[in-house]
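Architecture at a glance
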Amino acid sequence: MEYVYAALILNETDEEINEDNLTDVLDAAGVDVEESRVKALVAALEDVDIDEAVSEAAAVPAGGAAAGAGAAEEAAGDDEEEEVEETSDVPDTTDEDDEDDEADGEGLGELFG
């Protein structure tokens, strides 16, 4: 992330995003600079309009939040209550069986000694 932040700093200060400038910013920040990462980032950003990319990225969460708020208002305005079944991707591990709990504990003991 430091490399991307350095590129954003250079863009914000209207400096050219090249290997030397990017390396200088990273050095000033105390980052151990890897030349291959600098070269890869400069090459990746060569044809990118950073200002446009940042404004598009900033607009996405705002649009998503507005859509979510509109849906919440719409749901609050409904007089009919719908029963919603909640599901989870996490398996139910609340067993009543104490033997399984003891076996699980033994396995953890073996892992952590």
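Notes on the structure follow. A quick note: this is a predicted structure, and the numbers were derived from the prediction, not measured.

Here we come to helix 3 (residues 35–44). Residues of helix 3 that are buried include every one of Val38, Leu41 and Val42, and no others. Considered in projection along helix 3, the buried side chains sweep an arc of 100° and stay on one side of the axis. What points out from helix 3, more than 90 degrees from its buried face, is the exposed set Ser36 and Ala44. Buried residues along helix 3 sit against helix 1 (2–12) and helix 2 (19–28).

Turning to helix 1, a few remarks are in order. Within the span of helix 1, buried status applies to Tyr3, Ala6, Ala7, Leu10 and Asn11. Angularly, the buried residues of helix 1 cover 140° about the axis, an arc narrow enough to put them on a single face.

With that settled, consider the nonpolar core. With ten residues, the main nonpolar core is built from Tyr3, Ala6, Ala7, Leu10, Leu22, Leu26, Val31, Val38, Leu41 and Val42. Taken together, the elements giving at least two residues each to this core come down to helix 1, helix 2 and helix 3. With four residues, helix 1 is the largest single contributor of residues to this core.

A surface patch of like charges, here negative, comprises Glu12, Asp14, Glu15, Glu16, Asp49, Asp51, Glu52 and Glu56. Tracing the chain through its elements places Glu52 in helix 4 (residues 50–77).

Next up on the list: the packing of helix 1 against helix 3. Axis angle and axis distance: for two packed helices, these are the angle between their axes and the distance between the axes, and together they describe the pair. It is the contact of helix 1 with helix 3, at a shortest axis distance of 10 Å, that shows an interaxial angle of 50°. By the angle between their directions, the pair helix 1 and helix 3 is classed as oblique. The chirality of how helix 1 crosses helix 3 is right-handed. Every residue of helix 3 that contacts helix 1 at Tyr3, Val4 and Ala7 is listed here: Arg37, Val38 and Leu41. Of the residues contributing to the contact of helix 1 with helix 3, the split by class is five nonpolar, no polar and one charged.

Moving on to the side chain of Asn11. Inspection of the secondary structure assignment puts Asn11 in helix 1. A distance of 2.9 Å separates a polar atom in the side chain of Asn11 from a polar atom in the side chain of Asp51. Every residue in contact with Asn11, bar those within four places of it in the chain, is listed here: Ile17, Ile50 and Asp51.

This brings us to unusual backbone geometry. Unlike most non-glycine residues, Asp14 shows phi in positive territory, near 60°. Tracing the chain through its elements places Asp14 in the loop between helix 1 and helix 2.

Relative to the assigned elements, Val25 resides in helix 2. The spacing of Val25 and Ala7 is 18 residues in sequence and 8.6 Å in space, taken between C-alpha atoms. Those residues in contact with Val25 that sit more than four places away from it in its chain are Ala6, Ile9 and Leu10.

Cut-offs and rules
- Residues numbered from 1 in each chain as written.
- Predicted model: local features only at pLDDT ≥ 70, side-chain atom pairs only at ≥ 80, totals over all residues.
- Heavy atoms only, no water.
- Buried < 20%, exposed > 50% of the residue type's maximum accessible area, 1.4 Å probe, protein only.
- Helix = DSSP H or I, 4+ residues; strand = E, 2+ residues; numbered from the N terminus.
- Arc of directions from axis to C-beta.
- Contact = heavy atoms within 4.5 Å.
- Core = buried A, V, L, I, M, F, W, Y, C linked by side-chain atoms within 4.5 Å.
- Patch = residues over 30% accessible without salt bridge, like charges linked within 9 Å, V, L, I, M, F, W, Y side chains within 5 Å.
- Areas by Shrake-Rupley, 256 points an atom, 1.4 Å probe, with all protein chains shown as cover.
- Salt bridge = Lys/Arg side-chain N within 4 Å of Asp/Glu carboxyl O.
- Lys, Arg positive; Asp, Glu negative; His and termini not counted.
- Charge placed at Lys NZ, Arg CZ, Asp CG, Glu CD.
- Axes fitted to C-alpha atoms, helices over the stretch in contact; angles between N-to-C directions.
- Parallel < 35°, antiparallel > 145°, perpendicular 65-115°, else oblique.
- Left-handed = near helix turned anticlockwise from the far one by under 90°.
- Nonpolar A, V, L, I, M, F, W, Y, C, P; charged D, E, K, R; others polar.
- Polar contact = N/O pair within 3.5 Å; in protein donor to acceptor, adjacent residues only side chain to side chain.

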